[in-house]
Amino acid sequence: MKKVAFFDAKPYDREWFDKLNQKYELHYFESKLDEETAELARGCQAVCAFVNDNLDKRTIDKLYELGVRVIAMRCAGYSNVDFRAAYKKIHVVRVPAYSPHAVAEHAMGLLLMVNRKLHKAYNRTRDFNFNISGLTGVDLYGKTAGIIGTGKIGRTFMELCRGFGMKIVAYDAFPNEKLGIEYVDLDELLRRSDVISLHCPLTDQTRHMLDEAPFAKMKRGIFLINTSRGELVDSVALLKALDEGKIRGAGLDVYEEEADYFFSDWSMSGVQDDVLSLLLNKPNVVITSHQAFLTEEALSSIARITLDNLDEFFSDGPLTNEVCYQCESGKIRENCREMRGGRCF
Ligand code: NAD
């Protein structure tokens, strides 16, 4: 039986992988993967990793030295993988789509929560405080949602916004004109939107795409929703925009320094990250811990597709969901010039 070292394993991962796995010896480790913990993969041919594992060059070199030949990411994003280091050594496969509904519905949940201050209301009524002063929101009906990134999740979120009677404008570096969406440039989206929701990947072009200058171009009093990647937003600039009233409310499922804290319990010690603490202390900010994907449907798809990806690798077949450094976001298969027999190398 092939052995798979499974990093950053959580009870919900084990539940679904154990239910669906028949072929592999899965070794679950609670530790995140990095250069040091890579040693745990000794004797394994594959590694299964997640969003906050550190797959930099040193980790990848170590895994290669240990005989690992495939990294199965059990997520869609891959900004934590050094693909150049992996190229021609270790194949990297991922789960490109599992449930856009899971993430889009969570994004809508965050928007409803920060707009109608449900987090405050929940705490008040639990404390027998039935006062509703200070909980005023706005109708979403008739407002304009600016969607950045019109892929699977962005389009699903757009449908939810349409259900609320919202108008839509969108920005995408690779617009899909067939969708019949009103595409505008980023500046126009910033100027027109009452709600801005991020659904594009983290790349060198998108890192801090919302920093001080774009915040200055936004309307006053907008809602910002980020379920994509924390580093898309400059958190210090976000704090300033919140202080100045430019942002009326922010719903964040991701944070740029989340790898240090998310998915673990820090309630007894607190966190050392001042920016995160300041954001958490704001009454108009709701932060969830990268849980937008967390539905039963998504977890079962993630487990099934990850196991299928491993099957393809070990049967020497084409790798449907391989990514390498030459692949471009959104056009993964077509743009990989080195693809041979369905594999990137
Ligand atoms: P997708 O590949 O279907 O869509 C991404 C879209 O972004 C594409 O239309 C692409 O053209 C566009 N894009 C690429 N570069 C851009 C740029 N520079 N500016 C604007 N748009 C750009 O991806 P998806 O499945 O819709 O996922 C979107 C993002 O959601 C992922 O990248 C991931 O970071 C995030 N995500 C988060 C969670 C979570 O639990 N919070 C779960 C899954 C995915």
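Heads up: the structure comes first, above all this text.
What comes next is a walk through the structure. (Residues numbered from 1 in each chain as written. Predicted model: local features only at pLDDT ≥ 70, side-chain atom pairs only at ≥ 80, totals over all residues. Heavy atoms only, no water.)

1. A few points about the nonpolar core
Move 1: Grouped together as the largest cluster of nonpolar side chains are 87 residues, with contacts concentrated most on V47, L63, F215 and I247.
Move 2: Per element, the largest residue contribution to this core is six residues, and it comes from helix 11 (residues 296-314).
Move 3: Apart from the residues lying within four places of it in its own chain, the contact partners of V47 are V4, A5, F7, L33, A41, L63, V68, V70, I71 and A72.
Move 4: Counting 21 residues, the second largest nonpolar core, distinct from the first, contains L110, I181, F223 and V286. (Core = buried A, V, L, I, M, F, W, Y, C linked by side-chain atoms within 4.5 Å. Buried < 20%, exposed > 50% of the residue type's maximum accessible area, 1.4 Å probe, protein only. Helix = DSSP H or I, 4+ residues; strand = E, 2+ residues; numbered from the N terminus. Contact = heavy atoms within 4.5 Å.)

2. A look at the side chain of R343
Move 1: Mapped onto the secondary structure, R343 falls in the segment after helix 11.
Move 2: The charged side chain of R343 is buried without a salt bridge, its nearest counter-charge being D316 at 4.3 Å. (Lys, Arg positive; Asp, Glu negative; His and termini not counted. Salt bridge = Lys/Arg side-chain N within 4 Å of Asp/Glu carboxyl O.)

3. Concerning the pairing of strand 7 (residues 167-171)
Remark: a regular strand shows side chains that alternate across the two faces of the sheet.
Move 1: For strand 6 (residues 144-148) and strand 7, the ladder comprises five bridges, and the chain directions are parallel. Residue pairing for strand 7: I148 is matched across the bridge by Y171. (Pairing = 2+ DSSP bridges.)

4. Details of empty space enclosed by the protein
Move 1: All chains considered together, the criterion is met by three cavities of 30 Å³ or more.
Move 2: For the largest cavity, the calculated volume is near 50 Å³.
Move 3: Considering the residues around the largest cavity, the lining is formed by N226, G230, V233, S235, L238, L252, V254, Y255 and E256.
Move 4: By residue class, the composition of the lining of the largest cavity is five nonpolar, three polar and one charged.
Move 5: Its boundaries defined by the atoms lining it, the second largest cavity holds a volume of some 40 Å³.
Move 6: Taken together, F83, A86, Y87, I90, H91, V92, E322, V323, C324 and F345 make up the full set of residues lining the second largest cavity.
Move 7: Of the residues contributing to the lining of the second largest cavity, the split by class is eight nonpolar, one polar and one charged. (1 Å grid on protein atoms, 1.4 Å probe; cavity = no way out; pocket = protein on both sides within 12 Å on 5 of 7 lines; lining within 4 Å. Points joined across faces, edges and corners; volume = space filled by probe spheres on them. Nonpolar A, V, L, I, M, F, W, Y, C, P; charged D, E, K, R; others polar.)

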